[in-house]
Amino acid sequence: QVQLVESGGGLVQAGGSLSLSCAASGRTFVIHTLAWYRQAPEKERTLVASLTWDGKTNYEDSVKGRFTISGDNPKMKSVSLQMDSLKPEDTAVYFCRARGEVGPTIYDYWGQGTQVTVSS
């Protein structure tokens, strides 16, 4: 098992910044990707940014140039999301996700989520 604990988030005005952190514990050696997802009310959960054990990053188009994902790869015990130039449409619950594979076994874990609210 892998446990994910998120911190950060809160309320900020448009144009402001917030930082999210996610700490992983347990069988972290199985993790090859840590990622942030978000889910706005009545919308699907979607990928915001991801980080692989070898340092590859990927961003959703709307956050490119504004958000930065970083972590302690290759240990994969923590990941952060620096969010700058926030917009009201960034308002959502943000979730940390850990994924990994060992042989035929796929590991997939989620944090409990943290609210980010951007006021206009």
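Residues numbered from 1 in each chain as written. Predicted model: local features only at pLDDT ≥ 70, side-chain atom pairs only at ≥ 80, totals over all residues. Heavy atoms only, no water.

Caption draft 1: Main features of the side chain of Thr114. Mapped onto the secondary structure, Thr114 falls in strand β11 (residues 114–119). A polar contact of 2.9 Å, which involves the side chain of Thr114, links it to the backbone oxygen of Gly8. In contact with Thr114, other than residues within four places in its own chain, are Glu6, Gly8, Gly9, Leu20, Ala92, Val93 and Tyr94. (Helix = DSSP H or I, 4+ residues; strand = E, 2+ residues; numbered from the N terminus. Polar contact = N/O pair within 3.5 Å; in protein donor to acceptor, adjacent residues only side chain to side chain. Contact = heavy atoms within 4.5 Å.)

Caption draft 2: Geometry of the environment of Asn58. Counting through the fold element by element, Asn58 comes out in strand β6 (residues 57–59). Asn58 gets classed as partly exposed once you look at its relative accessible area, which sits at 40%. As for Asn58 and Leu47, which are separated by eleven residues in sequence, their C-alpha atoms are 9.2 Å apart. Residues contacting Asn58, with those up to four places away along its chain left out, are Leu47, Val48, Ala49 and Ser50. (Buried < 20%, exposed > 50% of the residue type's maximum accessible area, 1.4 Å probe, protein only.)

Caption draft 3: Region of the structure containing the side chain of Asp90. Within the secondary structure, Asp90 is located in the loop between β8 (78–83) and β9 (92–102). Asp90 sits in the buried class, given a relative accessible area of 1%. When sequence neighbours within four positions are dropped, the list of residues in contact with Asp90 reads Arg38, Arg66, Phe67, Ser85, Val116 and Val118.

Caption draft 4: Seen up close, the nonpolar core. Trp36, Leu81, Met83 and Tyr94 are the most contacted members of the largest nonpolar core, which totals 31 residues. Those residues in contact with Leu81 that sit more than four places away from it in its chain are Leu18, Ser19, Leu20, Trp36, Val48, Ala49, Phe67, Thr68, Ile69 and Tyr94. (Core = buried A, V, L, I, M, F, W, Y, C linked by side-chain atoms within 4.5 Å.)

Remember that the coordinates give geometry; whether it matters functionally is a separate question.
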